[in-house]
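Working through the structure, step by step
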Amino acid sequence: MGQERVDAGAFPLTRESWTLGSLWNHAWSVFREQWLTLTLGALVMMGASAVFSLGSAGVRHVLMARSLSWVAMGASVLTAVLETAVNGVLLMGFTTMVIEALNGRTAELTQLFSQVHKTGRYLLAMLIIGVCFAVPLIVLIGGPILAAKLLWGTHMAVAIAGGTAVVLLAVPITYFGIPLSFMAAELTLNDEAGGLEAI
């Protein structure tokens, strides 16, 4: 079964004919025509994300202040999941707006919420990325830092160990990190992709 993607519409460039200059010119032309809607979409996305993040932090702070540590821990996990879901939905929605505009159609603010039905797939993809990428990264960077702290116990040794680990992991981080950054776009464009397929 073929993958169904967003229709190419009036997008004027192809893999064979595109150049960085032509892509920039087309994007700038589209932005000049639809700058108000695209700017409002970006502001709504960033504003909603910031408000939700501040609200989550406020809830955790109140619970911790009342010594409800276990409740605060549970609330932290729940709010982290909800925050990830909200950010993912808005990111995919804004991607939809941009794609529509680039394809010669009219971007609309309602498209910000057009990807709500993919929330579960986005959360699954983020969970897989966290387990398969972030956890090993924490171990590989945190391991040398912890070892340096236990062996030498000085801030300088810890800083050197952490810095060395980051430098040595720069290439694999870049190699795996850049493709993973397009996961949300793949989910947006491909209606048949699940969380694992998008990665």
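The structure under discussion appears in the preceding block.
Residues numbered from 1 in each chain as written. Predicted model: local features only at pLDDT ≥ 70, side-chain atom pairs only at ≥ 80, totals over all residues. Heavy atoms only, no water.

1. Considering the packing of aromatic side chains
Summed over all chains, the structure comprises one aromatic pair. Ring geometry for W28 versus F31: centroids 5.8 Å apart, planes at 25°, classification stacked. One end of the pair is W28 and the other is F31, both in helix α1 (residues 20-65) and three residues apart, which spans about a single turn. (Phe/Tyr/Trp six-rings, centres within 6.5 Å; stacked < 30°, edge-to-face > 60°. Helix = DSSP H or I, 4+ residues; strand = E, 2+ residues; numbered from the N terminus.)

2. So, α1
Here α1 is 46 residues long, yet its end C-alpha atoms lie only 53 Å apart, well below the 68 Å a rise of 1.5 Å per residue gives. Along α1, the sharpest change in direction is near 85° and occurs at Q34. Buried within α1 are the following residues: H26, V30, Q34, L38, G41, A42, M45, S56 and L63. (Expected span 1.5 Å × (residues − 1). Bend = angle between axes of the 7 residues up to and from the residue. Buried < 20%, exposed > 50% of the residue type's maximum accessible area, 1.4 Å probe, protein only.)

3. Looking at the pattern of salt bridges
Within the structure shown, the criterion is met by two salt bridges. Taking the shortest distance from any N to any O, the salt bridge between R105 and E100 comes out at 2.9 Å. With a relative accessible area of 28%, R105 lands in the partly exposed category. Here E100 falls in the buried class, since its relative accessible area comes to 16%. Across the salt bridge formed by K118 and D191, the nearest N and O atoms sit 2.8 Å from each other. With K118 in the loop between α2 (69-102) and α3 (119-151) and D191 in the loop between α6 (183-189) and α7 (195-198), this residue pair connects regions lying 73 residues apart in the sequence. For D191, a relative accessible area of 44% corresponds to the partly exposed category. (Salt bridge = Lys/Arg side-chain N within 4 Å of Asp/Glu carboxyl O.)

4. Observations concerning the nonpolar core
The biggest cluster of nonpolar side chains holds 11 residues, and these are V30, L38, A42, M45, L90, F94, M97, A101, L102, A107 and L112. Mapped by element, the contributors of at least two residues to this core are α1 and α2. The element best represented in this core is α2, accounting for five residues. If near-sequence neighbours (up to four positions away) are discounted, L90 is found in contact with M45, A48, S49, L112 and F113. In this structure, M92, I129, A193 and A198 belong to the second largest nonpolar core, which totals 10 residues. (Core = buried A, V, L, I, M, F, W, Y, C linked by side-chain atoms within 4.5 Å. Contact = heavy atoms within 4.5 Å.)

5. Re the side chain of Q111
Along the chain, the position of Q111 falls in the loop between α2 and α3. Assessed through its relative accessible area of 13%, Q111 is described here as buried. Setting aside residues up to four positions removed in sequence, Q111 forms contacts with G93, T96, M97, E100 and T106.

All quantities given are derived from atomic positions and should not be read as evidence of function.
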